[in-house]
Amino acid sequence: MARAIVDVMLKPEILDPQGQAIARALPRLGFSGVSAVRQGKRFEIELDGPADEAALADIRKMAETLLANPVIEDFTVRVEGETAE
Amino acid sequence: MSAARVGVVTFPGTLDDQDAARAVRHAGAEPVPLWHADTDLRGVDAVFLPGGFSYGDYLRCGAISRFAPLMGELVPAARAGLPVLGTCNGFQILCEAHLLPGALVKNAGLHYICRDQRLRIESTATAWTSAYTRGQEVVIPIKHGEGRYVADAETLAALESGGRVVVRYLGNPNGSLNDIAGVSNEAGNVVGLMPHPEHALEDLTGGPGTDGLGFFTSLLKTMVNA
């Protein structure tokens, strides 16, 4: 059993008005020293089996067909909490 | 000649299918309801993907609708030349389905915008805009929170040089690149736009006028000439 994490972020060249709104709110709450915020999505995918190369290849395929829109977003895939069988 | 049959697709969360069907009928064609879970286009001559919040806009607008069973039939038919119009959420679905290039992301100002919008018709060489004249200014309502059109520089250049920017905003409401409100595929049979021509058909109903009707009469003209 393993958990794969897919992080999806807007490409750097795509304007992120939500991130900008968060960045503008921070000083009002007394947080200083933040130059920019970008907002993304995190998907936690529970696998039935181990996170082997085949499973990760599947997850990359899921990411590029559904979880992310490659026209506007980049994604990364990593494995978390792999437990001994 | 029997009336052209125009399929109007309903996904879970579609809102404008009744107005869309009404617009089709108003223009003199026969609306044919199509259900997202069906795999049958019922022999229609064209398809209208209306606006709304299909699948609650979960994940991204249009991202899940793209995989609806009906889309499995619609995508190859559109690639083969079936006229398809997507407005608002329909435009988002067409982009997610890669029938149109680019994507629609959150409005630059973050606000949901609902207003009568001035637009310029930039291309009349599509199945849905031949009844307009090039450069014609029209007023058609918009109502969206995620209508900012984006595409990479290469795609934008190809759209501009290929005459595939169909409708442009006059007074950009949402930060769309190049003021783009609607685009077409290369063949001109697939058109997507954020404004709602189906809400601008009659003076009586309090809309901004009848400027939207041309999208539907264009289709009928296209069918007669086909």
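Numbering of residues begins from 1 in every chain and follows the order in which that chain's sequence is written. Whichever chain is written first becomes A and whichever ligand is written first becomes 1, with later ones labelled in order. For this predicted model, a pLDDT threshold of at least 70 governs which residues receive local features, and a threshold of 80 or more governs which side-chain atom pairs are given and counted, while totals over whole chains, interfaces and linings are taken from all residues. Side-chain numbers here rest on the full set of heavy atoms in the structure, without hydrogens or water.

What follows concerns the overall build of chain B. Per the secondary structure count, chain B includes 5 helices and 11 strands. The globule rule used here is 2.2 Å times the number of residues to the 0.38 power, and the radius of gyration it is set against is calculated over C-alpha atoms. Its C-alpha radius of gyration of 16 Å places chain B within 12% of the 17 Å reference for a compact globule of 226 residues. With the principal axes as the frame, chain B shows a C-alpha extent of 45 × 35 × 35 Å. Here the term buried applies to any residue with accessible area under 20% of the maximum for its type, exposed to any over 50%, and partly exposed to those in between, with areas from a 1.4 Å probe on protein chains only. In chain B, which comprises 226 residues, the share counted as buried stands at 58%. Contact between two residues is taken to exist if any of their heavy atoms lie within 4.5 Å; hydrogens are not considered. Considering only intrachain contacts with a sequence separation of at least 6, the fraction spanning at least 24 residues in chain B is 73%. Charge convention: Lys and Arg are scored as positive, Asp and Glu as negative, and His as well as the terminal groups of each chain are ignored. The atom standing in for a charge is NZ when the residue is Lys, CZ when it is Arg, CG when it is Asp and CD when it is Glu. With 17 positive and 23 negative side-chain charges, chain B shows a spacing of 2 Å between the two charge centroids. Secondary structure elements are defined from DSSP: runs of H or I of at least 4 residues count as helices, runs of E of at least 2 residues count as strands, and each element is numbered from the N terminus.

Of regular secondary structure, chain A possesses 2 helices and 3 strands. Listing the helices and strands of chain A from first to last along the sequence gives β-α-β-α-β. For 85 residues, the compact-globule formula gives about 12 Å, and the C-alpha radius of gyration of chain A, at 16 Å, lies well above that figure. Expressed as lengths along the three principal axes of its C-alpha atoms, the size of chain A is roughly 50 × 30 × 15 Å. Sorting the 85 residues of chain A into buried and exposed places 31% on the buried side. Accessible surface computed for chain A: about 5,400 Å², of which carbon and sulfur atoms make up 56%. Of the side chains in chain A, 10 bear a positive and 15 a negative charge, and the two mean positions are spaced by 11 Å. The method behind every accessible area is Shrake-Rupley, applied with a 1.4 Å probe, and residues are considered shielded solely by the protein chains displayed.

Further remarks concern the sheet that holds strand E7 (residues 137–144) of chain B. All names here are of chain B. Pairing is mixed across the open sheet formed by 9 strands, whose spatial order is E2-E1-E3-E4-E11-E10-E9-E6-E7. The sheet is open, and its two borders are formed by strand E2 (30–35) and E7, each paired with just one other strand. Between one strand axis and the next, the sheet turns by 25° as a mean value, whatever way the strands run. The pairing criterion is simple: DSSP has to find at least two bridges between the two strands. In the sheet, strand E4 (residues 84–87) pairs with strand E11 (residues 190–193) via 4 bridges, with the strands oriented parallel. Within the sheet, the bridge partner assigned to Gly86 lies in E11 and is Gly192. Where helix H3 (residues 89–96) meets the sheet, its contacts fall on strand E3 (46–49), E4, strand E10 (180–184) and E11, and the angle it forms with E4 comes to roughly 120°. For helices, the axis comes from a line fit to the C-alpha atoms of the stretch in contact; other axes are also lines fit to C-alpha atoms, and the angle between any two N-to-C directions lies between 0 and 180 degrees.

The next subject is a nonpolar patch on the surface. A grouping of Leu15(B), Phe53(B) and Tyr112(B) is seen on the molecular surface, where their side chains present a nonpolar patch of about 310 Å² in accessible area. On the accessibility criterion, Phe53(B) (36% relative accessible area) is partly exposed. Two distance rules govern patches: like charges are joined within 9 Å, and nonpolar side chains (Val, Leu, Ile, Met, Phe, Trp, Tyr) within 5 Å, applied only to residues with over 30% relative accessible area and no salt bridge. Counted as salt bridges are all cases of a side-chain nitrogen of Lys or Arg within 4 Å of a carboxyl oxygen of Asp or Glu.

Of all hydrophobic cores here, the largest spans 67 residues; its most connected members are Val47(B), Tyr149(B) and Phe215(B). Of all the elements, helix H2 (residues 69–79) of chain B adds the most residues to this core, at 5 residues. In terms of nonpolar packing, the next biggest core, distinct from the first, is built from 14 residues, Val8(A), Leu56(A), Ala63(A) and Leu67(A) among them. Grouping buried Ala, Val, Leu, Ile, Met, Phe, Trp, Tyr and Cys residues that are joined through side-chain atoms within 4.5 Å yields what is termed a nonpolar core.

The partner chain A presents 15 residues to the 15 residues of chain B that form the contact. Two parts lose some accessible area (1.4 Å probe) when they are put together, and adding that loss for both gives the buried area. Counting the surface chain B buries against chain A, the share from its top three residues, Leu59(B), Arg60(B) and Leu110(B), is 39%. A salt bridge links Arg60(B) to Glu73(A), with the shortest nitrogen-to-oxygen separation between them at 3.7 Å. Polar contacts, as counted here, are pairs of nitrogen or oxygen atoms within 3.5 Å of one another; within protein the pair requires one atom able to donate a hydrogen and one able to accept it, and residues that are adjacent in sequence qualify only if both atoms are side-chain atoms. On inspection of chain B and its partner chain A, the count reaches 6 residue pairs in polar contact (both at pLDDT 80 or more). Sorting the residues of the side of chain B that touches chain A by element identifies strand E5 (103–105) and strand E8 (148–150) of chain B as the ones contributing at least two each. Partitioning the side of chain B that touches chain A into residue classes produces 8 nonpolar, 2 polar and 5 charged. Under this grouping Gly is polar, as are all residues other than the nonpolar Ala, Val, Leu, Ile, Met, Phe, Trp, Tyr, Cys and Pro and the charged Asp, Glu, Lys and Arg.

As a further point, take the environment of Pro101(B). Residues and elements named next belong to chain B. Among the secondary structure elements, Pro101 is positioned in the loop between H3 and E5. When the C-alpha positions of Pro101 and Thr14 are compared, they lie 22 Å apart, and in sequence the two are 87 residues distant. What Pro101 contacts, discounting residues up to four positions off in sequence, is Cys95, Tyr149, Thr155, Leu159 and Arg164.

Residue and element names in this part refer to chain B. UniProt positions are given in the numbering used here, feature names are shortened, and annotations may be inferred rather than shown by experiment. The UniProt feature table records "active site" (unreviewed entry) at Cys88, His196 and Glu198. On the basis of their most widely separated C-alpha atoms, the annotated residues across 111 residues gather in one place, lying no more than 11.0 Å apart. Summarising the element assignment, Cys88 is placed in the loop between E4 and H3. Those residues within four positions of Cys88 in sequence are excluded, and the remaining contacts are Gly51, Lys143, His144, Leu193, Met194 and His196. If you trace the backbone, Glu198 turns up in the loop between E11 and helix H5 (213–225).

Further remarks concern the pattern of salt bridges. Residues and elements named next belong to chain A. Overall, the coordinates contain 19 salt bridges over all chains when judged by the stated rule. Glu44 serves as the salt-bridge partner of Arg3, at 3.8 Å between the closest nitrogen and oxygen. Of this pair, Arg3 sits in strand E1 (residues 2–10) while Glu44 is found in strand E2 (residues 40–47), placing the two residues 41 residues apart along the sequence.

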